[in-house]
Amino acid sequence: MPIVETTLTTWLGERGNRWQSDAHDCLFILVIGTLTMASYAVHLGFYGDDWALLASMHLSKNQSLIDVLTEIIRVHDHEIRPVQFLELAALYKLFGLDPLGYHLTNSTILLLDFLLLYFLVRVLGQPRVLALSVSLLFILAPSYSTDRFWIASSAANLSMCFFLLSLHAHLQALRHPRGGFLRWEALAILGVLCSGFCYEVFLPLFLLASAFLFAFELKMKGSRFAVGRIVGKAVLHQTAIVGAVALILVVKALWAPRVPGNLELIGLAVWTGRAILKAAVINYGYHLLLLPSTTWHVLKYYADFTMVVMAAVIGFAVWIRLYTLPNFLIGSAGELRAKMPIYLGCGIGLFLAGYSLFPIKPAEIGPNNRAAIAGTVGVAVSVIGGLGILTSLSPRMWRKPIFCSAVAFISMSGALIIAVLGNFWIESYRMQKEILSDIQDHVPMIPAGASLILDGVCPYNGPAPVFNATWDLSGALSLAYGRLGVEANIVTQWVTVEQNGLSVPTYADRVIYPFGKLYVYHYGRKTSHVLPDAQAAQSYFDDISTDRVDRCPPDDDGNGVDVMNGLVAKLRGTE
């Protein structure tokens, strides 16, 4: 981002009487954030990994916080994320099996993220209109929507909170190079460790921020008479943050069970490059260039009156708020064109960093977009830079209205899409509860060592998972029947009958459920069937489960059913 031409200490310390105006902006952010969350937060439930995590905690022999934490770390921590599991254990001890408290806590953490992001941009010396615009585009971006709805992915929000707190502490340390440097830097290192051991996705952003601060310090203090001393001090100021990030990466690389022992750097680089390319298409294509098409599709098929009014109020409020702020967009076009490419470049750099360490398969609207939260910060910054460049080409009197209208439209559309996505997750939880209650009514007991395969349901309700993995239905049924170890899965078109059991595909491989103690419950027919051998299984699928190929709409692993963009569905030939 463009920085005020002053010394580093003055730049970080020059707050003056800006706190009052910043407080007004923060109040506006809180209102907008709360308004978007009010439509879904109190109605959400548990999904996917949540069920397995809750089963491990609720059915633990001892129910103290330490015992519950120890149990879920032992069973589920494959990435070395103790902070994430400490949060889950604490929430379980507070709220038990009631999802409301979990989601209200997650929403509160998100609101804190929004405020901290705004303050970070302001501390970096940026005008209020740009700080608020970046924050609003991030708040109302649907590209990381899963982090709003899914408790298991809420660690990304907590990791972001620690990331921003750490940067604030680090900037305070640079502001007090003599008096309080060590105290503030210790807090910054603690923030790095908490962020990295909660969720890894923000670690590259720490490195990028350190590189930026290093370069800026050299620029501000550069002198041809003392180059070595200045470089040495600048390196020293960033060493602690970089060292903490390196420590986390080494610990995870050496001891995280999910990291493969035969990891090939070239293969990882190729995979990461492809993931970044797809993420760019999703964020700048699907969620930006195709936004008018998506918004129209949502209005036509899914939005109700309340959602439309809420989105319209947000869009109008954003336009009025930005338009009434002191705005440098009415200045000279040359100055604007000089500053906005820096925003664009910094945003693209943040986007690339946000996707560089967590090469999960990117998704538009489904569960896999949980890792997009870090990259979305970069998207917000780069979009503001791009809008600034475009508006600089227009006459001076039109720059401000055009810029405010563009941000307001993106914000309004994002709010509408988030509300609609929330409805799919709400409906998914209702469906899950109905399915579980129906199974208990018709299958009073699941014998020890038996497996239950659920038929007659779809794995996704739009982008929201219903039951789609080896562990979610197993965890939910373990809670329902009060014992761990209930093996369960669902029937999809990809299930095959093998000689020794049913073969069900998973994310990584296929799972074989052996015949003998193998039961199938058909939710639509309300009937249960025993499958003692391959012949009985084949007979079941030939005579009873005849619609399993055409029962559900096409879905994409990790993204669910694309219901948000009619144009994309048409291009894929799925609408």
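Residues numbered from 1 in each chain as written. Predicted model: local features only at pLDDT ≥ 70, side-chain atom pairs only at ≥ 80, totals over all residues. Heavy atoms only, no water.

J.: Please provide a residue-by-residue account of the overall build of the protein chain, values included.
T.: Assigned secondary structure in the protein chain consists of 21 helices and nine strands. Taking 2.2 N^0.38 as the reference for a compact globule, 575 residues should give roughly 25 Å; the C-alpha atoms of the protein chain span a radius of gyration of 26 Å, in line with that estimate. A burial count over the protein chain gives 56% of its 575 residues as buried. Residue pairs in contact within the protein chain that sit at least 24 positions apart in sequence constitute 78% of those at least 6 positions apart. Here the protein chain has roughly 24,200 Å² of accessible surface; of this, 66% comes from carbon and sulfur atoms. With 41 positive and 40 negative side-chain charges, the protein chain shows a spacing of 13 Å between the two charge centroids. (Helix = DSSP H or I, 4+ residues; strand = E, 2+ residues; numbered from the N terminus. Rg over C-alpha atoms; globule rule 2.2 N^0.38 Å. Buried < 20%, exposed > 50% of the residue type's maximum accessible area, 1.4 Å probe, protein only. Contact = heavy atoms within 4.5 Å. Areas by Shrake-Rupley, 256 points an atom, 1.4 Å probe, with all protein chains shown as cover. Lys, Arg positive; Asp, Glu negative; His and termini not counted. Charge placed at Lys NZ, Arg CZ, Asp CG, Glu CD.)

J.: Before we move on, can you summarise the sheet that holds strand S5 (residues 496-497) with the specific residues and values?
T.: The antiparallel open sheet is built from three strands, whose spatial order is S5-S6-S7. Each edge of the sheet is formed by a strand with only one pairing partner; in this case those strands are S5 and strand S7 (510-514). (Pairing = 2+ DSSP bridges.)

J.: Let's hear about the state of the cysteines: which residues, and what values?
T.: Summed over the entire model, instances satisfying the criterion amount to one disulfide. Here cysteine 458 is linked by a disulfide to cysteine 552, with a sulfur-sulfur distance of 2.1 Å. Between cysteine 458 and cysteine 552 the disulfide shows an S-S torsion of about -100°. By sign, it is left-handed. With a gap of 94 residues between them, cysteine 458 in the loop between strand S1 (451-455) and strand S2 (460-461) and cysteine 552 in the loop between helix H20 (534-543) and helix H21 (566-572) connect regions that are remote in the sequence. We classify cysteine 458 as partly exposed; its relative accessible area is 21%. Here cysteine 552 falls in the partly exposed class, since its relative accessible area comes to 21%. Distance from the sulfur of cysteine 194, which forms no disulfide, to the nearest cysteine sulfur (cysteine 198) is 8.4 Å. With relative accessibility at 17%, the residue cysteine 194 sits in the buried group. Between cysteine 404, a cysteine without a disulfide, and cysteine 26, which holds the nearest cysteine sulfur, the sulfur-to-sulfur distance is 19 Å. (Disulfide = S-S within 2.5 Å.)

J.: I'd like to hear about unusual backbone geometry, residue by residue, with values.
T.: Residues other than glycine seldom take positive phi values, yet isoleucine 80 does so here, at roughly 60°. Along the chain, isoleucine 80 falls in the loop between helix H4 (65-76) and helix H5 (82-95). With phi around 60°, lysine 526 is a residue other than glycine that occupies positive phi space. Mapped onto the elements of the fold, lysine 526 is located in the loop between strand S8 (518-522) and strand S9 (527-530).

J.: Run through the nonpolar core, naming residues and quoting values.
T.: Core analysis: the largest hydrophobic core is formed by 159 residues, its most contacted members being Phe114, Phe138, Ile439, Leu454, Phe467, Leu477 and Met564. By residue number, the principal contributor to this core is helix H18 (residues 396-442), which donates 19 residues. When near neighbours in sequence (up to four residues on either side) are disregarded, leucine 454 contacts Ile435, Ile439, Phe467, Leu473, Asn489, Ile490, Val491, Tyr521 and Tyr523. In this structure, Leu502, Phe515, Tyr540 and Ile544 belong to the second largest nonpolar core, which totals 15 residues. (Core = buried A, V, L, I, M, F, W, Y, C linked by side-chain atoms within 4.5 Å.)

J.: Account for the sheet that holds S9, naming residues and giving values.
T.: The strand order S4-S1-S8-S9 describes an open sheet built from four strands, whose pairing is mixed. Edge positions in the sheet fall to strand S4 (487-490) and S9, since each of these pairs with one other strand and no more. Between one strand axis and the next, the sheet turns through 20° on average, direction left out of account. Note that S1 and S4 share four bridges and pair parallel. (Axes fitted to C-alpha atoms, helices over the stretch in contact; angles between N-to-C directions.)

J.: I'd like a description of the packing of aromatic side chains, backed by residues and values.
T.: Within the structure shown, the criterion is met by 20 aromatic pairs. Centroid distance phenylalanine 46 to tyrosine 429: 6.4 Å. Interplanar angle 85°. Geometry classified as edge-to-face. Taken as a pair, phenylalanine 46 in the loop between helix H2 (18-38) and helix H3 (49-58) and tyrosine 429 in helix H18 lie far apart in primary sequence, 383 residues in all. Comparing phenylalanine 46 with tyrosine 429, the two get one shared label, buried. In this structure an aromatic cluster arises from ring pairing among Tyr40, Phe46, Tyr47, Trp51, Phe95, Tyr102, Phe149, Trp425 and Tyr429. (Phe/Tyr/Trp six-rings, centres within 6.5 Å; stacked < 30°, edge-to-face > 60°.)

J.: Pulling in residues and values, what's your account of H4?
T.: Along its twelve residues, H4 runs 16 Å from first to last C-alpha, staying within 8% of the 16 Å computed at 1.5 Å per residue. Looking at the packing, one finds that the buried side of H4 touches H3 and H5. (Expected span 1.5 Å × (residues − 1).)

J.: Break down helix H6 (residues 99-123) for me, with residues and values.
T.: Spanning 25 residues, H6 covers 36 Å between terminal C-alpha atoms, matching the ideal 36 Å at 1.5 Å per step. Along H6, 20 of the 25 residues are buried, which leaves the element largely enclosed by surrounding structure. Capping the start of H6, aspartate 98 holds a side-chain oxygen 3.2 Å from the backbone nitrogen of leucine 100, two or three residues further along. Two residues or fewer past H6, glycine 125 is found with a positive phi of approximately 85°. (Polar contact = N/O pair within 3.5 Å; in protein donor to acceptor, adjacent residues only side chain to side chain.)

J.: Summarise the pairing of S1; cite the residues concerned and give the values.
T.: Of all five residues that make up S1, five are buried, and the element is covered over most of its length. Here S1 shows two buried faces, one formed by Ser451, Ile453 and Asp455 and the other by Leu452 and Leu454. In the sheet, S1 pairs with S8 via five bridges, with the strands oriented parallel. Within S8, the residue paired with isoleucine 453 across the bridge is valine 520.

J.: Give me the lowdown on the layout of surface pockets, citing residues and values where you can.
T.: Approximately 480 Å³ is the volume attributed to the second largest pocket. Contributing elements (two or more residues each) for the lining of the second largest pocket: S4 and strand S6 (501-505). Looking at the lining of the second largest pocket, its residues break down into 15 nonpolar, six polar and four charged. (1 Å grid on protein atoms, 1.4 Å probe; cavity = no way out; pocket = protein on both sides within 12 Å on 5 of 7 lines; lining within 4 Å. Points joined across faces, edges and corners; volume = space filled by probe spheres on them. Nonpolar A, V, L, I, M, F, W, Y, C, P; charged D, E, K, R; others polar.)

J.: Can you tell me about the packing of H3 against helix H19 (residues 472-481), naming the residues and giving the values?
T.: It is the contact of H3 with H19, at a shortest axis distance of 7 Å, that shows an interaxial angle of 35°. Crossing hand, H3 versus H19: left-handed. Counted together, Trp51, Ala52, Leu54, Ala55 and His58 of H3 and Asp472, Gly475, Ala476, Ser478 and Leu479 of H19 form the full contact between these two elements. Taken together, the residues of the contact of H3 with H19 break down into six nonpolar, three polar and one charged. (Left-handed = near helix turned anticlockwise from the far one by under 90°.)

J.: Tell me about empty space enclosed by the protein, and name the residues and values.
T.: Considering all chains together, one arrives at four cavities of 30 Å³ or more under this definition. There is about 200 Å³ of room inside the largest cavity. The wall of the largest cavity is formed by 19 residues, among which Leu137, Ala141, His287, Val379 and Ile410 lie closest to the centre. Those elements that provide at least two residues to the lining of the largest cavity are helix H7 (128-139), helix H13 (265-289), helix H17 (373-391) and H18. Counted by class, the lining of the largest cavity contains twelve nonpolar, seven polar and no charged residues.

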